[in-house]
Amino acid sequence: MNTEKSPTTKNKFRLKYLLYSLIPLLVFLLIAEAMASVLFYQMRGKNTFAIMSVMEYAGKKIKGEKTVAPPAARFIRLPEHPKSYEFTTVPPEPYMVNTENLERKPYPTRTDEGAFIQPAKIHENPELVIAFLGGSTTECRFNDEAARFPYRAGRLIEQRTGKRVNSYNNGINSITSMNSLNIFVNKVLPLQPHYAVLMHNINDMNLLMYEGTYWNDHPLRSLVVDPNNPRFSDPRYQSDEWADARGKPIAIDSARILNYFGSSLRSFVAIAKAWKVQPVLMTQANRFTETPDTKILGQAITEWKKNGLTYAQVKNLYDAMNECIRQTAAAEKVPLIDLAAQIPQTREYLHDLVHFTDKGSILVADIISSTFAEKILSGTPN
């Protein structure tokens, strides 16, 4: 009896065997595709945890239902330079228009592993640690490294006291006192500083004039970053941070602005004291003279006029904020360094409205170091 299968039967058997073999592979590929889709879905939403199960996601895909990526999580802004980084900044031509006595050249900046501007950690076992917090006037980006007052003041205090001193510069351009408060809590307190010196004014003034509050959705200056807010992806702010405010009438609410600013200063003082850090407040030196200097203020005055503001209104508010710093220091019984009263309002010391020349920064360092040596460290009242 011939039991040999015909060629047709053999082919059918092989095809059937091949199909059965492919089914597990197809199932595996479907599962892998679903898992990859879910993973991609999570990555777009920047969510660590599964938004929906594989079966839920696969079910939606099979039914043709639309799957929407979850909103990205909001986060608190921590302004800082990159860690362990070196970069060079040349003052841009538009910036130079409203400056004088500023050399247009490369200004190098180095940061350490904590993103503090170097030199900072000079000693492994310092006897005195001082942290400086503020905006670009503390950062001193357009000063030579050795002339930046946070560093230089540390070296002068060391000479005058004989103590080993580390002084940290955490100045960041454009930030406000509320940003510095966040930086102080999250970056400076781990250093276990003995003193924290805060200098803010003009950035707080601008933000509160244009936005009305510290709690805003400005893409560059908000306290909380919301990636889902279209305002954060608006390209206009890259070239003009106050794009929304240009040409629109602004009514300065001085009482509200000073209340916000004073509350921010008192918050800094209270938190510093709670962690046994001695807070020191500084007024901000400036060239807000009685008669405006059109060389450094020409463009600003033009923009203020478009907002319905006069030079006198802005100057009075700025002066009031410096006075708020003085009054807060007196009320909270903390040391005050009154730079606004001690730095001459001339091009020799300030190359624009508020930023120091090298000579100005060196003078600031001398004022700080003498105040520390003669009053603060000795416990002498202001």
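Just so it is clear, the structure is predicted and the values come from calculations on it, not from any experiment. (Residues numbered from 1 in each chain as written. Predicted model: local features only at pLDDT ≥ 70, side-chain atom pairs only at ≥ 80, totals over all residues. Heavy atoms only, no water.)

## Structural notes on the overall build of the protein chain
Consideration 1: Each helix and strand in the protein chain was counted, giving 13 helices and 9 strands.
Consideration 2: A total of 382 residues make up the protein chain; the buried ones form 46% of that total.
Consideration 3: Taking the intrachain contacts of the protein chain between residues at least 6 apart in sequence as the baseline, contacts between residues at least 24 apart amount to 73%.
Consideration 4: Surface accessibility of the protein chain: about 19,900 Å² in total, with carbon and sulfur atoms responsible for 56%. (Helix = DSSP H or I, 4+ residues; strand = E, 2+ residues; numbered from the N terminus. Buried < 20%, exposed > 50% of the residue type's maximum accessible area, 1.4 Å probe, protein only. Contact = heavy atoms within 4.5 Å. Areas by Shrake-Rupley, 256 points an atom, 1.4 Å probe, with all protein chains shown as cover.)

## Considerations on the confidence of the model for the protein chain
Consideration 1: This prediction gives the protein chain a mean pLDDT of 89; 85% of its residues lie at or above 70.
Consideration 2: Confidence over residues 41–52 falls short of pLDDT 50; this stretch has 22 contacts with residues more than four positions distant or in other chains. (pLDDT = per-residue confidence, 0-100.)

## Digging into the side chain of Arg-77
Consideration 1: As for its placement among the helices and strands, Arg-77 is situated in the loop between strand E1 (75–76) and strand E2 (86–89).
Consideration 2: Buried charge without a partner: Arg-77 forms no salt bridge, and the closest opposite charge is Asp-217, 9.6 Å away.
Consideration 3: Polar contacts involving the side chain of Arg-77 include one to the main-chain carbonyl oxygen of Pro-219, which spans 2.9 Å.
Consideration 4: From its side chain, Arg-77 meets the backbone oxygen of Ser-222 in a polar contact 2.6 Å long. (Lys, Arg positive; Asp, Glu negative; His and termini not counted. Salt bridge = Lys/Arg side-chain N within 4 Å of Asp/Glu carboxyl O. Polar contact = N/O pair within 3.5 Å; in protein donor to acceptor, adjacent residues only side chain to side chain.)

## Here we look at helix H6 (residues 177–188)
Consideration 1: Here H6 is 12 residues long, yet its end C-alpha atoms lie only 14 Å apart, well below the 16 Å a rise of 1.5 Å per residue gives.
Consideration 2: Along H6, 10 of the 12 residues are buried, which leaves the element largely enclosed by surrounding structure.
Consideration 3: Taken together, the buried positions of H6 are Ser-177, Met-178, Asn-179, Ser-180, Leu-181, Asn-182, Ile-183, Phe-184, Lys-187 and Val-188.
Consideration 4: Elements in contact with the buried residues of H6: E1, strand E4 (128–134), strand E5 (165–171), strand E6 (195–199), helix H7 (202–210) and helix H9 (254–274). (Expected span 1.5 Å × (residues − 1).)

## Here's the deal with the environment of Asp-226
Consideration 1: With respect to the element layout, Asp-226 can be found in the loop between strand E7 (224–225) and helix H8 (236–239).
Consideration 2: As for Asp-226 and Arg-74, which are separated by 152 residues in sequence, their C-alpha atoms are 4.8 Å apart.
Consideration 3: Excluding its chain neighbours within four sequence positions, the residues that come into contact with Asp-226 are Arg-74 and Phe-232.

## A closer look at the pattern of salt bridges
Consideration 1: All chains considered together, the criterion is met by 27 salt bridges.
Consideration 2: Glu-100 is paired through a salt bridge with Arg-347; the nearest N and O atoms lie 3.4 Å apart. Here Glu-100, found in the loop between helix H3 (93–96) and strand E3 (107–110), pairs with Arg-347, found in the loop between helix H12 (339–342) and helix H13 (358–376); they are 247 residues apart in sequence, far enough to count as distant.
Consideration 3: A relative accessible area of 42% means that Arg-347 is categorised as partly exposed.
Consideration 4: Between Glu-241 and Arg-221 there is a salt bridge, with its nearest N and O atoms 3.0 Å apart.

## Some remarks on the sheet that holds E5
Consideration 1: If you trace the 5 strands from one edge of the open sheet to the other, you get E5-E4-E6-E8-E9, paired in parallel fashion. Of all the strands in the sheet, the pair left with one neighbour each is E5 and strand E9 (336–337).
Consideration 2: Of the strand pairs in this sheet, strand E8 (residues 278–282) and E9 are connected by 2 bridges, and their pairing is parallel. The residue bridging Leu-281 from the neighbouring strand is Leu-336, located in E9.
Consideration 3: This element, helix H5 (residues 149–161), spans E4, E5, E6 and E8 of the sheet and lies at about 165° to E5.
Consideration 4: The strands touched by H6 are E4, E5 and E6; relative to E4, the strand with the most contacts, the crossing angle is about 150°. (Pairing = 2+ DSSP bridges. Axes fitted to C-alpha atoms, helices over the stretch in contact; angles between N-to-C directions.)

## Topic: the packing of H9 against helix H11 (residues 311–332)
Consideration 1: H11 packs onto H9 with a crossing angle of 35° between their chain directions and a minimal axis gap of 10 Å. Viewed along their axes, H9 and H11 form a crossing whose handedness is right-handed. On H11, the residues that touch Ser-254, Ile-257, Leu-258, Phe-261, Gly-262, Leu-265, Arg-266, Val-269 and Lys-273 of H9 are Leu-317, Ala-320, Met-321, Cys-324, Ile-325, Thr-328 and Glu-332.
Consideration 2: Residues belonging to the contact of H9 with H11 are distributed by class as follows: 10 nonpolar, 3 polar and 3 charged. (Left-handed = near helix turned anticlockwise from the far one by under 90°. Nonpolar A, V, L, I, M, F, W, Y, C, P; charged D, E, K, R; others polar.)

## Details of the pairing of E3
Consideration 1: Along E3, the buried face is formed by Tyr-107 and Thr-109; none of Pro-108 and Arg-110, which line the opposite face, is buried.
Consideration 2: In the sheet, E2 pairs with E3 via 4 bridges, with the strands oriented antiparallel. Residue pairing for E3: Thr-89 is matched across the bridge by Tyr-107.

## Details of the packing of aromatic side chains
For any pair of aromatic rings, the description consists of the separation of the ring centres together with the inter-plane angle of the planes.
Consideration 1: Per the stated rule, a full pass over the model turns up 15 aromatic pairs.
Consideration 2: Ring geometry for Tyr-195 and Phe-372: centres 5.1 Å apart, planes at 80°, overall edge-to-face. Linking Tyr-195 in strand E6 with Phe-372 in helix H13, this pair joins segments that are 177 residues apart in sequence.
Consideration 3: With relative accessibility at 0%, the residue Phe-372 sits in the buried group.
Consideration 4: Ring geometry for Phe-288 versus Tyr-311: centroids 5.9 Å apart, planes at 35°, classification tilted. Of this pair, Phe-288 sits in the loop between E8 and helix H10 (294–306) while Tyr-311 is found in helix H11, placing the two residues 23 residues apart along the sequence.
Consideration 5: Each member of the aromatic cluster is reached from another via a ring pair, and the members are Phe-288, Trp-304, Tyr-311 and Tyr-318.
Consideration 6: Here Lys-187 stacks its cationic end above the ring of Phe-116, 4.6 Å away from the centre of that ring.
Consideration 7: Geometry around Tyr-237 places Arg-236 over its ring, the cationic atom sitting 5.6 Å from the centre. (Phe/Tyr/Trp six-rings, centres within 6.5 Å; stacked < 30°, edge-to-face > 60°. Lys NZ or Arg CZ within 6 Å of the ring centre and 35° of its normal.)

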